Amino acid sequence: MDVRSEDCVMIQKHWKDTAVFTDALHVEVWEWGEIGKKVPEGELLPGELSAVTFPAGCYTVRSAQRVYRIYGTGCFPEKETPASREGTERVRKDVTPMGTIGPLVPAWRNELRVTHEISARHNDAPEGKFTYICRAAEASSGRWTEHISAIYSVKESKFIPDEYASLLVCLTFTGDSHGFDTWYKLDPTGKITTLRLHPYDSNADKARFT
């Protein structure tokens, strides 16, 4: 298990100083579609081009390449809706696994957005629904990028059984002049809390998962 030292320090500082890692996964952007078990086409959700599942500690993670219809001229994830079947097929011919678009600007660029979506479920409920955690969106302007940079299974201390670990997912944003990480924590009850860390934020040291 390979835990990045900076992530270990961050999690122990902003969550629990006794935290213990039970699993770790950090994959290059273009490799996310190559790991895990492929989800059959008939089980894909609206807007999904492809999806895979893989274990992470006591969780099963679902990693999907999903297309959303853009809302307005900015980025409003909470208002975007999954693309129709027709829209999804328009995108399919222009992207590689996990959203890389070629040098030509596709005609759908101002209407649809390719994303990398992460959801998960606890292995105590193998037939249960996956809980949506977050998604990394490809910017229409190309002036910023988002990607899922790490997924960890972490428990509060060595005295807690592994099945009570939480799943932590890091979404990294990089813009023209700044960047930040947003961490999402899914606990065994299904509750999600977040932590955003900006390197130039004077309050970053005081931030906690909320």
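Residues numbered from 1 in each chain as written. Predicted model: local features only at pLDDT ≥ 70, side-chain atom pairs only at ≥ 80, totals over all residues. Heavy atoms only, no water.

**Student:** Please clarify how helix α1 (residues 5-14) should be interpreted in this entry.
**Tutor:** Within an α-helix, residues lying three or four positions from one another point in the same direction, as the helix has 3.6 residues per turn. Among the residues of α1, those classed as buried are D7, M10, I11 and H14. Buried residues of α1, seen end-on, are gathered within an arc of 95 degrees and therefore sit on one face of the element. Away from its buried face by more than 90 degrees, α1 exposes S5 and V9. On its buried face, α1 sits against β1 (20-25), β8 (145-155), β9 (166-174), β10 (179-186) and β11 (192-197). (Buried < 20%, exposed > 50% of the residue type's maximum accessible area, 1.4 Å probe, protein only. Helix = DSSP H or I, 4+ residues; strand = E, 2+ residues; numbered from the N terminus. Arc of directions from axis to C-beta. Contact = heavy atoms within 4.5 Å.)

**Student:** Sorry, what's going on with the packing of aromatic side chains here?
**Tutor:** One pair of aromatic rings is described through two measures. These are the centre distance and the angle between the planes. Counted according to the given criterion, the structure contains 3 aromatic pairs. For the ring pair F21 and Y152, a centre distance of 5.2 Å and an interplane angle of 80 degrees mean the geometry is edge-to-face. Within this pair, whereas F21 is found in strand β1, its partner Y152 is found in strand β8, the two being separated by 131 residues in sequence. Taking the relative accessible area as the measure of exposure, Y152 reaches 0% and is therefore buried. Just above the ring of Y68 sits the side chain of R135; from NZ or CZ to the centre is 3.7 Å. (Phe/Tyr/Trp six-rings, centres within 6.5 Å; stacked < 30°, edge-to-face > 60°. Lys NZ or Arg CZ within 6 Å of the ring centre and 35° of its normal.)

**Student:** Mind showing me how you'd approach the sheet that holds β11 here?
**Tutor:** Where strands meet in a sheet, backbone hydrogen bonds hold them as pairs that are either parallel or antiparallel. Spatially, 5 strands are ordered β1-β8-β9-β10-β11 in an open sheet, and the strand pairing comes out antiparallel. Two strands lie at the open edges of the sheet, namely β1 and β11, each paired on one side alone. Sheet twist, expressed as the average angle between the axes of neighbouring strands with direction ignored, equals 25 degrees. Here β9 pairs with β10 via 8 bridges, running antiparallel. Bridged to F173 within β10 is F180. (Pairing = 2+ DSSP bridges. Axes fitted to C-alpha atoms, helices over the stretch in contact; angles between N-to-C directions.)

**Student:** Is there a simple way to explain the pattern of salt bridges in this structure?
**Tutor:** Any two side chains of opposite charge can pair, given that their charged atoms come close. Within the structure shown, the criterion is met by 10 salt bridges. E117 is paired through a salt bridge with R66; the nearest N and O atoms lie 2.8 Å apart. Of this pair, E117 sits in strand β6 (residues 112-122) while R66 sits in strand β4 (residues 59-69); the two residues are 51 residues apart in sequence, bridging distant segments of the chain. Relative accessible area serves as the criterion here: at 6%, E117 is assigned to the buried category. Classification of R66 by relative accessible area gives buried; the value is 9%. Each of E80, R113 and R135 takes part in salt bridges that share partners, so that together they form one network. (Salt bridge = Lys/Arg side-chain N within 4 Å of Asp/Glu carboxyl O.)

**Student:** What's the story with the environment of L49 in this structure? I'm lost.
**Tutor:** Its place among the elements puts L49 in strand β3 (residues 48-56). A relative accessible area of 8% means that L49 is categorised as buried. A sequence separation of 17 residues divides L49 from R66, and the C-alpha atoms of the two residues are 5.7 Å apart. Filtering out sequence-adjacent residues up to four positions away, L49 remains in contact with L44, Q65, V67, T88, V91, R92 and V95.

**Student:** Teacher, can you tell me more about the nonpolar core here?
**Tutor:** Note on soluble globular proteins: their nonpolar side chains tend to be buried together. Grouped together as the largest cluster of nonpolar side chains are 19 residues, with contacts concentrated most on I133, I151 and L167. Every element with two or more residues in this core is listed here: β3, β4, β6, β7 (131-137), β8, β9 and β10. When residues no more than four places from it in sequence are discounted, the contact partners of L167 are A56, Y59, V61, A120, I133, I151, Y152, Y184, K185 and L186. Core analysis: the next-biggest nonpolar cluster, separate from the first, contains 16 residues, I11, W15, A150 and C170 among them. (Core = buried A, V, L, I, M, F, W, Y, C linked by side-chain atoms within 4.5 Å.)

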